[in-house]
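# Coordinates in review
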Amino acid sequence: MEPYNNHTSIAALINRSNVDTDQIIPKQFLKKVERSGFGIHLFHDWRFNDDGSDNPDFELNKPAFQSAKILVTGDNFGCGSSREHAPWAIADYGFNTIISSSYADIFYNNCFKNGILPIRATQEQLQLIANEINSHEGCSLTINLEEQTVVTPLGNNFAFELDPFRKENLLHGLDDIGLTLEQIDKIDEYEQKHRRLYPWLWT
Amino acid sequence: MKKTMYEKIWDSHLVCEAAGQAPLVYVDRHLMHEVTSPQAFEGLRNANRKIRNPHSILATMDHCVPTKDRDLPIADPIARKQIETMAENCRENNLNLYDIKNPNNGVIHIVVPEHGFVHPGMVTVCGDSHTATHGAFGALAFGIGTSEVEHVMATQTLPQMKSKTMLVRVDGKLPKYSSAKDIILAVIGKIGTAGGTGYVIEFAGEAVIDLTMEGRMTLCNMAIEGGARAGLVMPDEKTYEYLKGREFAPSGSEWDTALAYWKTLPSDDDAEFDTVVILTADDIAPQVTWGTSPEQVAPVSGAVPSPEDFNDEGKRQACISALNYMDLKPKTKITDIPVNLVFLGSCTNGRIEDFRIAAEITKNHKVADGVTAIAVPGSYKVKEQAEQEGLDQILIDAGWEWRDPGCSMCLAMNGDELTPGQRSASTSNRNFEGRQGKGGRTHLVSPAMAAAAATAGHFVDIRNL
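Just so it is clear, the model here is predicted, and its values are computed rather than measured. (Residues numbered from 1 in each chain as written. Chains lettered and ligands numbered in written order. Predicted model: local features only at pLDDT ≥ 70, side-chain atom pairs only at ≥ 80, totals over all residues.)

Here we take up the overall build of chain A. A count of helices and strands for chain A gives eight helices and seven strands. A principal-axis box enclosing the C-alpha atoms of chain A has dimensions of 65 × 45 × 25 Å. In chain A, which comprises 203 residues, the share counted as buried stands at 43%. (Helix = DSSP H or I, 4+ residues; strand = E, 2+ residues; numbered from the N terminus. Buried ≥ 20, exposed ≤ 12 C-beta atoms within 10 Å, placed from the backbone.)

Structure below.
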């Protein structure tokens, strides 16, 4: 995984709550056996008209939001299924940061496996950012992961919370499985006890 | 210290807590299907890693499989490749797979309990959010992403953050014709789809204990729709009775050892939960969702709300958007909503008792003109049982289609889908926009409500039948 670098990028606003994984990547695109190439299908049913042309009313089709790397959106983003195709599509489209007031659990975990930083903002902070984007579409936000801050064009600066290990793994693009395998002795030890206590699980 | 069931399972599965890393939790059972696993196998291969415990895995094919003409090759070449990849991955790694032709085939969360593969106290994962189903056995069961699927295959563990605990207590007796589905829809209506975020929910109370194992599975299955990581019901005599004699259940002296362990699992009296939600079962009428989120739900005797009924601006906007998508007017009586298609099945409601109640409601009636009704058993075993009981014939005589098992129209990946503007009464779990087909409109209901809607052509209050 690529390390997450600090950046100043255009922020696109999808001002909707409860955006579910079926909207992020509709099920007809889940049949592939590869990890890549999902970006062209991101938000498919909202993004395209029935004839395949761009739906001009959909937020991400606004010219000002092209090449955005930051997605600003409403509560409970990513609710629904566990499909990692959702963060794959988001990353493949070009986003590496999401700002919302809350995320569904599985989606939130999946983001970190794909180099995406899901920032939890308060309702007030989210409103403030949305207002700034609305009044100046195409404006950029500055994300500093080390300092855990977001700075808006008008100079509003706020800090966000993040588990230290998640931050570390993102900053260094660490392989989770590799890290766990460093604990292999502990896993072996646990398993020996497990076999003794729960023998019926091993027959 | 007094502990909840979740805390007991968590403590007994903690492998280690390395400095600067998330706690590492041991995984006992790993369930698989064709959609969320291929990239994980590829990742393992690329990193030259092996599956640590192949015996911990049970795999099936369910999402993409056709529910009719199973003898023909799968028409969609991309779906066919996904199915073939699953078979190849399982063969290569010597995994237990119930493939499309296997008499044990079916939806993962239906076949796993049928074979007694998940037991109380186990940590169980699957690349599927409805893994929560297995909480019905007092197992900590939750959905994971594909990277985590790979993680579990390679290490038999997962880095996890400890969840908060929520007790949802449903007091009293459930009225006749209300079901586990109505309890969980009412719970989600109360707490919202994000109400359980960060929590593991333990369901308790008389109405929950009274449920059959199938009902408890329906209840836990949709814990995820309330945002929770998992749902749990404490194991009891019903649980043990259900498991006894099944293929992967312990036997002989190991049964006694297991049973003694299982009996230690229920939450201690006076264990503290971070949040407690209480419902009264007597108040739970059959539920019908009217919107595009499972929290947008009303009792069958109620009406579609108006945006101004919501004080919260987000919920008000969501109501406007949902009414627009669903083509419904505020204040429409639920029983005045017509349906074109009825879907009976899914990991939520594809078990034998779901077909029993649907057949009971359907008997001596016909499917209404203009309505298509599809019954998709959750597994071949459910199908076989239903046929032995003659339930298939009751449904077929009434005009229902009787299909082979699979996820089918729950997420419409296999070609079974709504056409734009079609309106369904569905026993599945999600009513998101386009979930059952682009432009399709989904109303989530119980099997009894679905069967009654098929006959009437619109929703009916089954308590008045």
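Here we take up the overall build of chain B. Broken down by element type, chain B carries 16 helices and 19 strands. Computed over C-alpha atoms, the radius of gyration of chain B comes to 21 Å, within 12% of the 23 Å expected from 2.2 N^0.38 for 465 residues, which places it in the range of a compact globule. Taken along the three principal axes of its C-alpha coordinates, chain B extends 60 × 55 × 45 Å. Buried positions account for 61% of the 465 residues belonging to chain B. In chain B, the share of contacts with a sequence separation of at least 24, taken over all contacts with a separation of at least 6, comes to 78%. (Rg over C-alpha atoms; globule rule 2.2 N^0.38 Å. Contact = placed C-beta atoms within 7 Å.)

Moving on to the environment of Leu 174 of chain A. Residue and element names in this part refer to chain A. With respect to the element layout, Leu 174 can be found in the loop between α6 (164-172) and α7 (176-181). Distance in space between the C-alpha atoms of Leu 174 and Glu 137 is 34 Å, their sequence separation being 37 residues. Dropping the residues within four chain positions of it, Leu 174 is found in contact with Asn 169 and Leu 179.

When pLDDT is averaged across chain B, the result is 97; 100% of the residues are at 70 or more. On the interface metric, ipTM, the complex scores 0.95, and its pTM is 0.97. (pLDDT = per-residue confidence, 0-100.)

Another aspect to go through is unusual backbone geometry. All names here are of chain B. Positive phi, normally seen in glycine, also occurs at Asn 48, with a value near 55°. Tracing the backbone through its elements, the reader meets Asn 48 in the loop between α2 (38-46) and β4 (57-60). By the C-beta count within 10 Å, which is 6 here, Asn 48 ends up exposed. Of note in the backbone geometry, Ser 408 takes a positive phi value of approximately 50° without being a glycine. Mapped onto the elements, Ser 408 comes out in the loop between β17 (401-402) and β18 (423-426).

Right, let's talk about the sheet that holds β18 of chain B for a bit. All names here are of chain B. Spatial strand order, β17-β16-β15-β18-β19: five strands in an open sheet with parallel pairing. The open sheet terminates on both sides in strands that have one partner only, identified here as β17 and β19 (441-444). In the sheet, strand β16 (residues 372-375) pairs with β17 via two bridges, with the strands oriented parallel. The residue bridging Ile 374 from the neighbouring strand is Glu 401, located in β17. (Pairing = 2+ DSSP bridges.)

This paragraph deals with the interface of chain B and chain A. By convention, interface size is frequently given as the accessible area that disappears when the constituent parts associate. Listed per partner, the contact involves 56 residues of chain B and 46 residues of chain A. Secondary-structure elements contributing two or more residues to the side of chain B that touches chain A are β1 (14-16), β2 (24-26), α2, α3 (77-92), α5 (146-155), β8 (157-159), α10 (253-262) and α11 (313-326) of chain B. Here the residues of the side of chain B that touches chain A sort into 22 nonpolar, 24 polar and ten charged. (Nonpolar A, V, L, I, M, F, W, Y, C, P; charged D, E, K, R; others polar.)

Right, let's get into α5 of chain B. Where burial is concerned, most of α5 of chain B is hidden: ten out of the ten residues are buried. Along α5 of chain B, the residues that are buried comprise Thr 146, Ser 147, Glu 148, Val 149, Glu 150, His 151, Val 152, Met 153, Ala 154 and Thr 155 of chain B.

Every other side chain in a regular strand lies on the same face of the sheet, so the side chains alternate between the two faces. Residue and element names in this part refer to chain A. Where strand β3 (residues 97-100) and strand β4 (residues 117-120) come together, four bridges link them in parallel fashion. Looking at the pairing, Ile 99 lines up with Ile 119 of β4. The handedness of the β3 to β4 crossover, carried by helix α4 (residues 105-112), is right-handed. (Right-handed = clockwise from strand over helix to strand, strands pointing away.)

Residues and elements named next belong to chain B. Across the interface, α2 lies against α5 with an axial gap of 8 Å and an inter-helix angle of 50°. One way to sum up the angle between α2 and α5 is to call them oblique. The interaxial crossing formed by α2 with α5 has right-handed handedness. Packed against α2, whose contacting residues are Gln 39, Ala 40, Gly 43 and Leu 44, the element α5 presents Thr 146, Val 149, Glu 150, Met 153 and Ala 154 at the interface. (Axes fitted to C-alpha atoms, helices over the stretch in contact; angles between N-to-C directions. Parallel < 35°, antiparallel > 145°, perpendicular 65-115°, else oblique. Left-handed = near helix turned anticlockwise from the far one by under 90°.)

Moving on, we get to the sheet that holds β4 of chain A. Residues and elements named next belong to chain A. With mixed pairing, the seven strands of this open sheet are ordered in space as β4-β3-β2-β1-β5-β6-β7. Across the chains shown, the open sheet's two edge strands, defined by having one partner strand only, are β4 and β7 (157-159). Pairs of neighbouring strands in the sheet enclose a mean axial angle of 30°, with direction left out of account. Where strand β5 (residues 140-144) meets strand β6 (residues 149-151), three bridges bridge the pair, whose relative direction is antiparallel. The residue bridging Ile 143 from the neighbouring strand is Val 150, located in β6.

Take the packing of helix α6 (residues 180-191) of chain B against helix α8 (residues 213-221) of chain B next. Residues and elements named next belong to chain B. Viewed as axis vectors pointing N to C, α6 and α8 meet at an angle of 20°, and their least axial separation amounts to 8 Å. Between α6 and α8, the angle is such that the two are roughly parallel. The two elements α6 and α8 meet at a crossing, and its hand is right-handed. On α8, the residues that touch Ala 180, Lys 181, Ile 183 and Ile 184 of α6 are Gly 215, Arg 216, Thr 218 and Leu 219. When grouped by side-chain class, the residues that make up the contact of α6 with α8 number four nonpolar, two polar and two charged.

To continue, consider the nonpolar core. Residues and elements named next belong to chain B. Judged by nonpolar contacts, the single largest core of 193 residues is most densely connected at Ile 183, Val 342, Ala 358, Met 449 and Ala 450. For this core, the element with the most residues is α6, which contributes eight residues. Excluding its chain neighbours within four sequence positions, the residues that come into contact with Met 449 are Pro 286, Val 288, Val 300, Ala 425, Phe 459 and Ile 462. (Core = buried A, V, L, I, M, F, W, Y, C linked by C-beta atoms within 7 Å.)

So, on to the environment of Asp 54 of chain A. Mapped onto the secondary structure, Asp 54 of chain A falls in the loop between α2 (44-47) and β2 (70-73). Taking C-alpha positions, Asp 54 of chain A is 28 Å from Leu 117 of chain A, a pair spaced 63 residues apart along the chain.

Let us look at helix α5 (residues 123-135) of chain A. All names here are of chain A. Helix length check: α5 (13 residues) gives 18 Å between terminal C-alpha atoms against 18 Å at 1.5 Å per residue, within 8%. Those residues of α5 lying buried are Leu 126, Ile 129 and Ile 133. For α5, the buried positions fall inside an angular range of 65° around the axis, keeping them on one side. Those residues of α5 that are exposed and aimed more than 90 degrees away from the buried face are Gln 123, Glu 124, Asn 134 and Ser 135. Along its buried surface, α5 packs onto β1 (7-14), β2 and β3. (Expected span 1.5 Å × (residues − 1). Arc of directions from axis to C-beta.)

For the rest of this paragraph, the subject is the environment of Arg 403 of chain B. All names here are of chain B. Mapped onto the elements of the fold, Arg 403 is located in the loop between β17 and β18. The spatial distance from the C-alpha of Arg 403 to the C-alpha of Lys 381 is 13 Å, given a sequence separation of 22 residues. Ignoring anything within four residues of it in the chain, the contact list for Arg 403 reads Thr 67, Lys 68, Ile 374, Ala 375, Val 376 and Ser 408.

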